[in-house]
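Architecture and fold: a report
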Amino acid sequence: MSSPTVKLNSGHQMPLVGFGLWKVNNDTCADTVYNAIKSGYRLFDGACDYGNEKESGEGVARAIKEGIVKREELFIVSKLWNSFHDKERVKPIAKKQLQDWGVDYFDLYIVHFPIALKYVDPSVRYPPGWQNEGGKDVTTSKTSLADTWKAMEELVDEGLAKSIGISNYNGALVLDLLRYARILPATLQIEHHPYLTQEPLLDLVKANGINVTAYSSFGPQSFLELGMQHAKDTTLLFDNDVVKKIADKHGKTPAQVLLRWATQRGVAVIPKSNNQSRLAQNLDVCSFDLAADELKAISGLNKGLRFNDPLAYGISQPIFA
Ligand code: NAP
Ligand code: NAD
C-alpha cells in the first residue's frame, strides 16, 4: 500500500496520506515508525512539541539501514515551536531537531502556531511547552510572524528545509503573509474534520497555491485521551449515522470514510494511530471514491466545532478569537 502524492508550490511532491506523531508513546515510537514505513507510510508529521523526534529518527534509521527505504523516498515534516520564533533561534533549533531525527534536511518545516513565546534554552527544558517553569503563566516574545518567516526562508536557502509551511493560521494571517513572503508557504496545516469544515479558509489558500493538510481528521476522538470534556460531550464521528451509513455502503470503516472525504477535497491527512491494524487501514483510503452526494452529506455535519484551541488546555492565548 502506498499514498498518492501532490505537487507543492515549492516543486516537491508530498504524499497525500501520512502518519501523525502527536501522542505516539516514546517507548513504542521507534518501532511504530519502523512498522509504519514497512506498511508503506512515507510521510511522518513530527514536531519538537511531540517530544518523540529522537525515537522517530531511530525508526527511520532502522528502516534505511535495512534497505526498506532510502532517505529521499521519505517525507519528513517537523515544526518550529512557539518559543523559538525569535529570528536568531530558528536555525539553531532546526539544526537540533535535524540532529534528533538523524537527517540533514526536513522535507517540510512548519511554524507550529502563530504565536511567539519567550525563548527557553533546550538545556533547561525540552520540549518547552506553552507554560513557564512550574506549569504557570505564558510569557510571549515581541517577535513578529514576518520576522520569524524571514528566518524560515533562510532554512530553504541553506538547504535545511526543502519546503516551509504554516499551521493554525487564520485567513487574516495568511493574507498578511502573502504580502511579505519571499518564499510562499507550501502547506497550511489546520484542524479539519466534518464538524469543522473550514471552507472559506480552504478556498483562500487553494486560490493562492498553498496546499492544506488536515490534523485531527477524526474530530473529537483524539481529544478523548486528553480527557477533554468538550470531546466527551460530542458524538464521535465514528458513531455518526451519516458517516456510518456511507461506510457500510462502501464496505469501509468510518475512519476510512473520514480520511477519504478529506482527500477528495484535495486535503492531505496525517492520521495518528498507536495500533498496527488501524495504521494500515488509515493508509488504504484512496482506493475507493465517495459520490458527490455523500461528500455533501458529510460536509453538512459542519458545526464549527474546534477542539485544538490553546484555551481548551487552560492556556490564556486566544489565538482563534
Ligand atoms: P487523529 O489522527 O485524528 O486521531 C487519532 C485518534 O484516532 C487516536 O485516538 C487513535 O487511536 C484513533 N484512530 C486512529 N486511526 C483510527 C482508526 N482507523 N479507527 C479508529 N480510531 C482510530 O488525531 P491527531 O493525532 O490529533 O491528528 C493527527 C496528527 O495531526 C497528529 O498526530 C499531528 O501530527 C498533527 N496535529 C497537528 C496539530 C497542529 O497544531 N499543527 C495539532 C494536532 C495534530 P489509536 O492510536 O489507539 O489508534
Ligand atoms: P486523529 O484525528 O488522527 O486521531 C487520532 C485518534 O484516532 C487516536 O485516538 C487513535 O487511537 C484514533 N484512531 C486512529 N486511527 C483510527 C481508526 N482507524 N479507527 C478508529 N480510531 C482511530 O488526531 P490527532 O492525533 O489529533 O492528529 C493527527 C496528527 O496531526 C498528529 O499526530 C499530529 O502529527 C498532527 N497535529 C498537528 C497539530 C498542529 O497544531 N499542527 C495539532 C494536532 C495534531
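All values derive from a computational prediction rather than experimental measurement.

**Details of the site of ligand 2**
Residues in close proximity to ligand 2 total 29 residues, the closest being W22, D45, S216, S222 and E225. The side chain of D45 places a nitrogen or oxygen atom 2.5 Å from an oxygen atom of ligand 2. N282 places a polar side-chain atom, nitrogen or oxygen, 2.9 Å from a nitrogen atom of ligand 2. Protein chains shield 94% of the accessible area of ligand 2, which is 840 Å² for the free molecule. Every element with two or more residues in the shell around ligand 2 is listed here: α7 (221–224) and α11 (276–283). Broken down by element, the residue count for the shell around ligand 2 peaks at three residues, all from α11. The class makeup of the residues in the shell around ligand 2 is ten nonpolar, 13 polar and six charged.

**Comments concerning the nonpolar core**
One finds L21, F44, Y109 and M152 to be the most contacted residues of the largest nonpolar core, which totals 100 residues. In terms of residue count, the dominant contributor to this core is helix α10 (residues 254–264) (six residues). Setting aside its immediate chain neighbours within four residues, F44 contacts F19, L21, V33, A36, I37, L74, F75, I76, V77 and W101.

**Points about the UniProt feature "domain: NADP-dependent oxidoreductase" (unreviewed entry) in the chain**
Under the UniProt annotation, the feature "domain: NADP-dependent oxidoreductase" (unreviewed entry) is placed at residues 18–302. Spanning residues 18–302, this segment combines 42% helix with 13% strand, and its end C-alpha atoms are found 24 Å apart.

**Things to note about unusual backbone geometry**
Put simply, Y126 and P127 share a cis peptide bond, and its omega is -10°. Considering the arrangement of structural elements, one finds P127 in the loop between β6 (106–111) and α4 (145–157). Notably, N168 is not glycine yet its phi reads approximately 60°, a positive angle. By secondary structure assignment, the location of N168 is in the loop between β7 (161–167) and α5 (171–180). We note that Q198 has phi near 55°; this positive angle belongs to a residue other than glycine. In this structure, Q198 sits in the loop between β8 (187–191) and α6 (199–207).

**What to know about the sheet that holds strand β9 (residues 211–215)**
One open sheet accounts for eight strands, arranged β3-β4-β5-β6-β7-β8-β9-β10; its pairing is parallel. Both outer strands of the open sheet, β3 (19–20) and β10 (268–269), are each paired with one neighbouring strand and no more.

**Examining the pattern of salt bridges**
Evaluated as defined, the whole model comprises 15 salt bridges. E225 is paired through a salt bridge with K272; the nearest N and O atoms lie 3.9 Å apart. Pair noted here: E225 is in the loop between α7 and α8 (229–232) and K272 is in the loop between β10 and α11, with a separation of 47 residues, a long-range link. Judged by its relative accessible area of 23%, K272 is partly exposed. Here E294 ties to K249 by a salt bridge, and the two come within 3.1 Å at their closest N and O atoms. Here E294 is found in helix α12 (residues 292–299), whereas its partner K249 is found in helix α9 (residues 241–250), with 45 residues between them in sequence.

**A word on the state of the cysteines**
One pass over the full model with this rule turns up zero disulfides. Cysteine C29 shares no disulfide, and the gap to the nearest cysteine sulfur, in C48, comes to 14 Å. For C29, a relative accessible area of 0% translates into the label buried.

**Quick look at the packing of aromatic side chains**
Counting across every chain of the model gives eleven aromatic pairs. Considering the side-chain rings of W22 and F223, the 5.8 Å spacing of their centres and the 55° angle between planes classify their relative orientation as tilted. One end of the pair, W22, is in the loop between β3 and α1 (26–39); the other, F223, is in helix α7, and 201 residues separate them in sequence. Judged by relative accessible area, W22 falls into the partly exposed class, the value being 24%. On the basis of relative accessibility, which here comes to 0%, the residue F223 falls in the buried class. For the ring pair F218 and F238, a centre distance of 5.1 Å and an interplane angle of 55° mean the geometry is tilted. Here F218, found in the loop between β9 and α7, pairs with F238, found in the loop between α8 and α9; they are 20 residues apart in sequence, far enough to count as distant. An aromatic cluster is defined as three or more aromatic residues linked by ring pairs; in this entry it consists of W22, Y50, F223 and F307. For the cation-ring pair, R71 lies above Y105, with the distance from its terminal atom to the ring centre recorded as 3.9 Å.

**Side note on the pairing of β6**
Across the six residues that make up β6, a large majority, six, are buried. Between strand β5 (residues 75–80) and its parallel partner β6, the chain crosses via helix α3 (residues 87–101), and the hand of that crossover is right-handed. Relative to β7, β6 runs parallel, the two sharing five bridges. Residue pairing across strands places L108 opposite S163, the latter belonging to β7. Handedness of the crossover joining β6 and β7 through α4: right-handed.

Cut-off values and rules
Residues numbered from 1 in each chain as written. Chains lettered and ligands numbered in written order. Predicted model: local features only at pLDDT ≥ 70, side-chain atom pairs only at ≥ 80, totals over all residues. Heavy atoms only, no water. Near = heavy atom within 4 Å. Polar contact = N/O pair within 3.5 Å; in protein donor to acceptor, adjacent residues only side chain to side chain. Areas by Shrake-Rupley, 256 points an atom, 1.4 Å probe, with all protein chains shown as cover. Helix = DSSP H or I, 4+ residues; strand = E, 2+ residues; numbered from the N terminus. Nonpolar A, V, L, I, M, F, W, Y, C, P; charged D, E, K, R; others polar. Core = buried A, V, L, I, M, F, W, Y, C linked by side-chain atoms within 4.5 Å. Buried < 20%, exposed > 50% of the residue type's maximum accessible area, 1.4 Å probe, protein only. Contact = heavy atoms within 4.5 Å. UniProt positions renumbered as here; feature names shortened; annotations may be inferred. Pairing = 2+ DSSP bridges. Salt bridge = Lys/Arg side-chain N within 4 Å of Asp/Glu carboxyl O. Disulfide = S-S within 2.5 Å. Phe/Tyr/Trp six-rings, centres within 6.5 Å; stacked < 30°, edge-to-face > 60°. Lys NZ or Arg CZ within 6 Å of the ring centre and 35° of its normal. Right-handed = clockwise from strand over helix to strand, strands pointing away.

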